Amino acid sequence: MPGRHLKAIRTPGLEDLPPLPMDAANLVRDFEHHYAHHLGRDKYCRSLRYHYQALAFTIRERLLERWNQTRYAYIAASSKSCYYLSLEFLMGRALGNSMLNLGITDEVAAAVHQIGVTMEEITDEEIDAGLGNGGLGRLAACFLDSCATLQLPVMGYGIRYEYGMFRQRIEDGRQVEEPDHWLRDGHPWELERQEYTQVVRFGGRSEFMRDYQGAGHFRWVDTQDVLAVPYDIPIPGHRNGTVNTLRLWKAAATDEFDLVEFNAGSYSESVAMKNAAENITMVLYPNDASESGKALRLRQQYFLASASLQDVIARWISRNRRDFTEFGDKNCFQLNDTHPSCAVPELMRLLMDEQGMGWEEAWNITSRCMAYTNHTLLPEALEKWSLDLFRQLLPRVLEIIFEINARFLSEVSSRWPGDSDRLRRMSIIEEGPDPQVRMAYLAIVGSFSVNGVAALHSQLLVEGLFRDFYELWPEKFNNKTNGVTPRRWLAWCNPGLSRLIADRIGEGFVADLEHIREIAPLADDPEFRERWYQVKQANKERLAALVKEQCSVEFDVHGLFDVQVKRIHEYKRQLLNILHVIHLYDRIKRGDTENWTDRCVLIGGKAAPGYFMAKLIIKLICNVAKVINDDAVVNGRLKVAFLPNYRVTAMEIICPGTDLSEQISTAGKEASGTGNMKFMMNGAVTIGTLDGANIEIREEVGDDNFFVFGLTAPEVEEMRRSYDPASIVANDPDLSRVMQLLSSGHFNMFETGIFAPIIASIMNPRDLWMVAADFRSFVNAQRRVSEAYLDRERWTRMSIVNTAHSGKFSTDRTISEYNRDIWHLKPVPAS
Ligand code: 26Q
């Protein structure tokens, strides 16, 4: 029954079963059981897919025991809980991570060996769970790992998209998108939880009525209802017995829905309605900035918010009856950007319309348990939804937003009487011919905490985008610098380096990355440096093999591996990177190659399907790569490759094999960046602007171990006033030659004029990303990089120092700060 929690049926003894043994022999036995009896395969099966599935089930049942124990411990502690609401969880693969966190990597390796396949063959069968676009989605995944490792009662809530992030192919140098039907062969890690199905309503209208006592109530009627069916995914902590939950909702049509239409004799309408309902969770929007105005996207956002809140409330009622006095103290909802911010009016609606509370009481609870994280500084990426769309889809929710706004604006006007300009600026509703709901303002007004994701970003938020709100409520605003989980991004993806580190300082750094600082003195130990260098070389071999296989380009591991992988976006300036590549090519052609450092430049990332410039930049990278790689004069001094289909699993091979990490966004535009942290942790040195978390990385490693360049954020804003790229180009002979090469058609011989929009954007005085402005400084910094790389001892020392100072960038630190300042949860040991 949707929405209703049945009384528990106790099956005696189930939780007293002896724990499943973890030794290799028992793993083999359970593997064989799943392979033969569950999946029905035998020795004639030609596909390794079932080996993967059987092993996944073998490990999942070991997670299940700990999962239950964790739940019992949380119930017994009746502690405060936090819910991470996110439209994206970019989980990647689960098998390796589960083994690592259960602490059974060696046992599984032995078992797999007995079965007669290699570990790599099996792990390669797993498809990435690509339920996210980029940084924001991967951050959510790293957060869940840290919450479980810190034994915090935190649950993730998201959407079980049928199709995840599209697969990218490159055809003739251009991006082609293919659907990612990742669930085709089933997902062995998930557990369907039909019994916790919720109903989410859309459309209809809001009605006011009085009950028999004369009290007024709002009713939302004539709605179209959709079922939300939960699928749970286990999130193991690192060797601590805790297994937390990620709950993903799938949309399904209600039975009644079908029947009404069906009985009316319209079978096809009924099927169409069913499809409309199930479409809600069909596909992830592949846009890493906002996608304007799409009704289906708003449906997804409300669907997630409503299903998750109803689920939390149902659990609350099953444990506390209808006593909500402590609800606000015992629950916290962290909103991953504005995407789930319908949660603010939706919690109001559930508390008032369904639980019968008055406004004051409901608002008191809501505004005490919502917290909002902002992930962008680009004003154009701030989410807005048209009022008309809102009214059509969520009429009752819009009414509540109006009331929130009215009460909020009256607070503003009593603080600043007569300041009508301020009222207009701060209103949750943007007036105009097509009025809009400003989701960020809704989130700020409804939350007790608002945070940015790096020090600079948080500072720029209160000085710029959210300045008015900061003046009103300074105490709400705070910073939480991002991190990445050292389990996946060091221990799992870089076993060679992890062993070397563990040999010297023990394994403690995996659970507490602050310990990694202890390797810093070893940068002065020549023998340690030699071993460090050898590990890096081996990782470069692995990366070179991937590049060979995927791009048919041969990277020589003695060259400097120079890597930029991330979503393709103008503000991230892949264009600046390629201008430098063209400049190096030009130097080779001119014979200016004294003391040359061979370079292998790797660029990868997906462009939003509708983003013309981003797609054109991919085409340029591919064309430049082809010309350079085919030019005999270059003779291996420079290699360039575009890696197709960049994703979590690719990064696991890329970051360990990288020498130089490119973090070159226009200052003030990248909120934080997290790829920068993965690279640093794996001993890459950064070339970067003073943007996002780069600033904090540089602070940790020191000026000598970081190649900084470019305008600062205030300098960028200052330069905009008089920006004149034409004169910058004219006064820089190197840049002139690069622009000359571009304009001459050297990289588009039989494709006349295709790069004209790129040339125009560089030459545009209103170029938002100021590519020409930073060219000289970038090329100079790259010169210093090349020189440093020629001195192998010096470079290796820098590499060690980078890893040694990566402790701050563990999500364990980030989550501890969220907990200390925002959530206030007590850790609960699993047993
Ligand atoms: C919004 C509305 C409609 C459709 C799509 C979207 C949408 C989807 C994804 C908007 C933004 C995103 C993703 C944003 C993102 O990944 N931001 C990155 O977040 C990282 C984690 O905080 C930061 O490190 C990066 O700097 C930031 O760019």
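Structure: above.
The following refers to the structure shown. A quick note: this is a predicted structure, and the numbers were derived from the prediction, not measured.

**Some details on the overall build of the protein**
Point 1. Regarding its fold elements, the protein presents 33 helices and 25 strands.
Point 2. Radius of gyration (C-alpha) of the protein: 28 Å, near the 28 Å computed for a compact globule of 831 residues.
Point 3. If one aligns the C-alpha atoms of the protein with their principal axes, the spans along those axes are about 90 × 75 × 55 Å.
Point 4. Each of the 831 residues in the protein was classed as buried or not, and the buried ones make up 59%.
Point 5. Expressed as a percentage of contacts within the protein between residues at least 6 apart in sequence, the contacts between residues at least 24 apart total 78%.
Point 6. Surface accessibility of the protein: about 32900 Å² in total, with carbon and sulfur atoms responsible for 51%.
Point 7. Counting 94 positive and 112 negative side-chain charges, the protein places the centres of these two groups 1 Å from one another.

**Overview of the packing of helix α21 (residues 526-551) against helix α32 (residues 792-804)**
Point 1. Packing of α21 against α32 leaves a shortest axis separation of 10 Å and a crossing angle of 85 degrees. As far as their axial angle goes, α32 and α21 are roughly perpendicular. In this structure, α21 contributes Phe 528, Arg 529, Glu 530, Trp 532, Tyr 533 and Gln 534 to the contact, and α32 contributes Arg 792, Glu 793, Thr 796, Arg 797, Ser 799, Ile 800 and Thr 803.

**Regarding the nonpolar core**
Point 1. Of all hydrophobic cores here, the largest spans 114 residues; its most connected members are Phe 327, Phe 333, Phe 390 and Trp 823.
Point 2. Here this core takes eleven residues from helix α9 (residues 295-320), the largest share from any one element.
Point 3. Apart from the residues within four sequence positions on either side, Phe 333 is in contact with Tyr 83, Leu 85, Leu 309, Val 312, Phe 327, Leu 347, Cys 369, Met 370 and Ala 371.
Point 4. Among the nonpolar cores identified, the runner-up in size contains 71 residues, and Met 613, Ile 664, Leu 735 and Trp 769 belong to it.

**Focus on the pattern of salt bridges**
Point 1. All chains considered together, the criterion is met by 76 salt bridges.
Point 2. When the shortest N-O distance is used, the salt bridge between Arg 219 and Glu 207 registers 3.0 Å. Of this pair, Arg 219 sits in strand β10 (residues 216-221) while Glu 207 sits in strand β9 (residues 205-210), placing them twelve residues apart in sequence.
Point 3. Exposure remark for Arg 219: the relative accessible area of 39% places this residue in the partly exposed category.
Point 4. Note on Glu 207: relative accessible area 24%, which makes it partly exposed.

**Examining the sheet that holds strand β21 (residues 599-604)**
Point 1. With parallel pairing, six strands are arranged side by side in an open sheet as β22-β21-β20-β23-β24-β25. The outermost strands of the open sheet, each flanked by one partner alone, are β22 (638-643) and β25 (707-708).
Point 2. Pairing geometry for strand β20 (residues 560-565) and strand β23 (residues 660-663), over two bridges, is parallel. Counterpart to Asp 562 in the pairing with β23 is Leu 660.
Point 3. In this fold helix α22 (residues 574-590) packs onto β20, β21, β22 and β23, with an angle of close to 155 degrees to the strand it touches most, β21.
Point 4. α32 contacts β20, β23, β24 (685-688) and β25 of the sheet and is inclined by roughly 85 degrees relative to β24.

**Regarding the sheet that holds strand β17 (residues 436-438)**
Point 1. The sheet built from three strands is open, its strands ordered β15-β17-β16 with antiparallel pairing. Only two strands of the sheet have a single partner each, and these edge strands are β15 (384-386) and β16 (429-430).
Point 2. Looking at chain direction, β16 and β17 are connected through two bridges and run antiparallel. Residue Ile 429 lies in a different strand from β17, and its bridge partner there is Val 437.
Point 3. Its contacts with the sheet put helix α16 (residues 439-446) on β15 and β17, and the angle it makes with β17 is roughly 45 degrees.

**Topic: the packing of aromatic side chains**
Point 1. Following the criterion strictly, the structure yields 27 aromatic pairs and no others.
Point 2. Judged by centre distance (6.4 Å) and plane angle (50 degrees), the rings of Tyr 372 and Phe 466 are tilted. Separated by 94 residues along the polypeptide, Tyr 372 in strand β14 (residues 370-373) and Phe 466 in the loop between α17 (455-463) and α18 (467-472) bring together distant segments of the chain. Both residues of the pair, Tyr 372 and Phe 466, count as buried.
Point 3. Here the aromatic rings of Phe 555 and Phe 561 are separated by 5.4 Å at their centres, their planes lie at 65 degrees, and the arrangement is edge-to-face.
Point 4. By relative accessible area, which is 9% here, Phe 555 ends up buried.
Point 5. With relative accessibility at 1%, the residue Phe 561 sits in the buried group.

**With respect to the pairing of β21**
Point 1. The buried fraction of β21 amounts to six of the six residues, a majority that puts the element mostly inside the structure.
Point 2. Residue alternation in β21 divides its side chains into two sets, Arg 599, Val 601 and Ile 603 and Cys 600, Leu 602 and Gly 604, and both sets are buried.
Point 3. With α22 bridging β20 and the parallel β21, this β-α-β connection has right-handed handedness.
Point 4. Where β21 meets β22, six bridges bridge the pair, whose relative direction is parallel. Of the residues in β22, the one forming a bridge with Cys 600 is Lys 639.
Point 5. At this point the chain moves from β21, through helix α23 (residues 612-630), to the parallel β22, and the crossover so formed is right-handed.

**What to know about the environment of Ser 458**
Point 1. In this structure, Ser 458 sits in helix α17.
Point 2. By relative accessible area, which is 9% here, Ser 458 ends up buried.
Point 3. Along the chain, Ser 458 and Thr 485 lie 27 residues apart, while their C-alpha atoms are 22 Å from each other.
Point 4. If we ignore the near neighbours within four places in the chain, the residues touching Ser 458 are Gly 452, Val 453, Asn 478 and Asn 479.
Point 5. Within the structure, the side chain of Ser 458 is placed 3.3 Å from the backbone nitrogen of Gly 452, a separation counted as a polar contact.

**So, α32**
Point 1. The terminal C-alpha atoms of α32 lie 18 Å apart, and with 13 residues this matches the ideal 18 Å at 1.5 Å per residue to within 8%.
Point 2. Buried within α32 we find Trp 795, Thr 796, Met 798, Ser 799, Ile 800, Val 801, Asn 802, Thr 803 and Ala 804.

**Observations concerning the side chain of Asp 232**
Point 1. Topologically, Asp 232 is positioned in strand β11 (residues 224-236).
Point 2. At 2.7 Å, the side chain of Asp 232 and the side chain of Arg 247 are in polar contact.
Point 3. Residue contacts for Asp 232: discarding those within four places in its chain leaves Trp 67, Trp 189, Glu 190, Leu 191, Arg 193, Thr 245, Leu 246 and Arg 247.

**Points about the site of the ligand**
Point 1. The immediate surroundings of the ligand are formed by 22 residues, with Leu 136, His 375, Asn 482, Glu 670 and Gly 673 found nearest.
Point 2. Contacts to the ligand include Tyr 571, whose side-chain N or O atom sits 3.2 Å from an oxygen atom.
Point 3. The separation between an oxygen atom of the ligand and a polar main-chain atom of Ala 671 is 3.3 Å.
Point 4. Burial of the ligand by the protein amounts to 94% of the accessible area it has alone, namely 610 Å².
Point 5. A per-element tally of the shell around the ligand places helix α6 (residues 135-149) first, with three residues.
Point 6. Taken together, the residues of the shell around the ligand sort by class into six nonpolar, ten polar and six charged.

**Considering the packing of helix α1 (residues 24-38) against helix α4 (residues 105-115)**
Point 1. Between α1 and α4, the least distance of the axes is 8 Å, while the angle of their chain directions is 55 degrees. When the interaxial angle is binned, α1 and α4 end up oblique. As for how α1 packs across α4, the hand of that crossing is right-handed. Taken together, the residues of α4 that come into contact with α1 (itself represented by Ala 24, Leu 27, Val 28 and Phe 31) are Glu 107, Val 108, Ala 110, Ala 111, Gln 114 and Ile 115.
Point 2. Of the residues in the contact of α1 with α4, the class split is eight nonpolar, one polar and one charged.

About the criteria used
- Residues numbered from 1 in each chain as written.
- Predicted model: local features only at pLDDT ≥ 70, side-chain atom pairs only at ≥ 80, totals over all residues.
- Heavy atoms only, no water.
- Helix = DSSP H or I, 4+ residues; strand = E, 2+ residues; numbered from the N terminus.
- Rg over C-alpha atoms; globule rule 2.2 N^0.38 Å.
- Buried < 20%, exposed > 50% of the residue type's maximum accessible area, 1.4 Å probe, protein only.
- Contact = heavy atoms within 4.5 Å.
- Areas by Shrake-Rupley, 256 points an atom, 1.4 Å probe, with all protein chains shown as cover.
- Lys, Arg positive; Asp, Glu negative; His and termini not counted.
- Charge placed at Lys NZ, Arg CZ, Asp CG, Glu CD.
- Axes fitted to C-alpha atoms, helices over the stretch in contact; angles between N-to-C directions.
- Parallel < 35°, antiparallel > 145°, perpendicular 65-115°, else oblique.
- Core = buried A, V, L, I, M, F, W, Y, C linked by side-chain atoms within 4.5 Å.
- Salt bridge = Lys/Arg side-chain N within 4 Å of Asp/Glu carboxyl O.
- Pairing = 2+ DSSP bridges.
- Phe/Tyr/Trp six-rings, centres within 6.5 Å; stacked < 30°, edge-to-face > 60°.
- Right-handed = clockwise from strand over helix to strand, strands pointing away.
- Polar contact = N/O pair within 3.5 Å; in protein donor to acceptor, adjacent residues only side chain to side chain.
- Expected span 1.5 Å × (residues − 1).
- Near = heavy atom within 4 Å.
- Nonpolar A, V, L, I, M, F, W, Y, C, P; charged D, E, K, R; others polar.
- Left-handed = near helix turned anticlockwise from the far one by under 90°.

Geometric values such as these leave the question of function open.
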